[in-house]
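Each chain, written out:
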Amino acid sequence: MTENTTKPRISPHSWRPIFAVAGCLAAVLSSCTYEVADPALPCGDEGIVSFAGDLLPLLDAHCTGCHSGGSPSAGLDLTSHDRVAESTLEGSLLERLQLPPSNIRMMPLNGNPLPKCDVALFQSWAANGAPNN
Ligand code: HEC
């Protein structure tokens, strides 16, 4: 007799799936925001940068038109690992890639600055000791 009057029409337990869905939605939304806002990964995770696979194609596209052959600009042949490594670790290569186009020392000379994520490949490779990999 009393059973019908004390039993709630909607059990509190029936709300649980709704809370679960809302929780998932919140997690998805916050993870999206986190990815956009995370300054540690502006270019994605490159892993170990390869000189032959990642950097040579960039140098070929933007630099070796002047920096190769019999009389390379500034005597700098950027087809050679040793010269690129030396210029990156001890010379001005990294600095020049990051100069604004208004600066006459910016490389590639007379071209457009490399995208930040391409420059980041050089920086990551340098931080790894500029290996011939
Ligand atoms: C249009 C020709 C041209 C292109 C393309 C070019 N350079 Fe240069 N580069 C020069 C000239 C000319 C110099 C010497 C004048 C100077 O130091 O600014 C030079 C100098 C340099 C130096 C200084 C060398 C030293 O020993 O002082 C570095 C480093 C360099 N370039 C790197 C690059 C890189 C990296 C690229 C590609 C992203 C590039 N250059 C593209 C013409 C070019």
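In what follows, the structure referred to is the one given above.
This text gives an overview of the structure that appears in the document. This structure is a prediction, so every number in the text was calculated from the model and none was measured.

What to know about the site of the ligand
Thinking step 1. Near the ligand you find 17 residues, and of these Cys63, Cys66, His67, Arg96 and Met107 are the closest.
Thinking step 2. At a separation of 2.8 Å, a nitrogen atom of the ligand approaches a polar side-chain atom of histidine 67.
Thinking step 3. One of the side-chain N or O atoms of arginine 96 is found 2.9 Å from an oxygen atom in the ligand.
Thinking step 4. The element contributing the most residues to the shell around the ligand is helix α5 (residues 93–97), with three residues.
Thinking step 5. Classifying every residue of the shell around the ligand gives eleven nonpolar, five polar and one charged.

Description of the pattern of salt bridges
Thinking step 1. Taken as a whole, this structure holds two salt bridges when the rule is applied.
Thinking step 2. Measuring nitrogen to oxygen at the nearest pair gives 3.0 Å for the salt bridge that ties glutamate 86 to arginine 83. Taken together, the residues glutamate 86 and arginine 83, both in helix α4 (residues 81–89) and three residues apart, mark about one turn of the helix.

Some details on unusual backbone geometry
Thinking step 1. Residue proline 108 is reached from methionine 107 by a cis peptide bond, and omega for that bond is 5°.
Thinking step 2. Topologically, proline 108 is positioned in the loop between α5 and α6 (116–127).
Thinking step 3. We note that alanine 74 has phi near 60°; this positive angle belongs to a residue other than glycine.
Thinking step 4. Classification of alanine 74 by relative accessible area gives exposed; the value is 79%.
Thinking step 5. Backbone geometry places alanine 130, a non-glycine residue, at a positive phi of 55°.
Thinking step 6. Note on placement: alanine 130 falls in the segment after α6.

Comments concerning the state of the cysteines
In protein chemistry, a disulfide is the covalent bond that joins the sulfur atoms of two cysteines.
Thinking step 1. The tally for this structure, following the rule as stated, stands at one disulfide.
Thinking step 2. Cysteine 43 shares a disulfide with cysteine 117; S-S distance 2.2 Å. Between cysteine 43 and cysteine 117, the disulfide has an S-S torsion of -85° and is therefore left-handed. With cysteine 43 in the loop between α2 (16–37) and α3 (51–62) and cysteine 117 in helix α6, the pair connects residues that are 74 residues apart, well separated along the chain.
Thinking step 3. On the basis of relative accessibility, which here comes to 32%, the residue cysteine 117 falls in the partly exposed class.

Some remarks on the coordination of the iron atom of the ligand
The reference angle at a metal is 109.5 degrees if four donors form a tetrahedron and 90 or 180 degrees if six donors form an octahedron.
Thinking step 1. For the iron atom of the ligand, the protein coordination sphere consists of His67 (NE2) and Met107 (SD), at 2.0 to 2.3 Å.
Thinking step 2. Coordination at the iron atom of the ligand is octahedral: its six donor atoms span angles of 85 to 178° at the metal. Of this pair, histidine 67 sits in the loop between α3 and α4 while methionine 107 is found in the loop between α5 and α6, placing the two residues 40 residues apart along the sequence.

Quick word on the packing of aromatic side chains
Thinking step 1. Summed over the entire model, instances satisfying the criterion amount to one aromatic pair.
Thinking step 2. Note on phenylalanine 51 and tryptophan 125: the rings are 5.4 Å apart at their centroids and 25° apart in plane angle, and the pair reads as stacked. Of this pair, phenylalanine 51 sits in helix α3 while tryptophan 125 sits in helix α6, and the two are 74 residues apart along the sequence.
Thinking step 3. You can call phenylalanine 51 buried: its relative accessible area is 3%.

Conventions and cut-offs
- Residues numbered from 1 in each chain as written.
- Predicted model: local features only at pLDDT ≥ 70, side-chain atom pairs only at ≥ 80, totals over all residues.
- Heavy atoms only, no water.
- Near = heavy atom within 4 Å.
- Polar contact = N/O pair within 3.5 Å; in protein donor to acceptor, adjacent residues only side chain to side chain.
- Helix = DSSP H or I, 4+ residues; strand = E, 2+ residues; numbered from the N terminus.
- Nonpolar A, V, L, I, M, F, W, Y, C, P; charged D, E, K, R; others polar.
- Salt bridge = Lys/Arg side-chain N within 4 Å of Asp/Glu carboxyl O.
- Buried < 20%, exposed > 50% of the residue type's maximum accessible area, 1.4 Å probe, protein only.
- Disulfide = S-S within 2.5 Å.
- Donors = N, O, S within 2.8 Å, 3.2 Å for Na, K, Ca; no water.
- Tetrahedral: all angles 85-135°; square planar, octahedral: opposite > 155°, others 65-115°.
- Phe/Tyr/Trp six-rings, centres within 6.5 Å; stacked < 30°, edge-to-face > 60°.

By themselves, these are just geometric observations and shouldn't be taken as functional.
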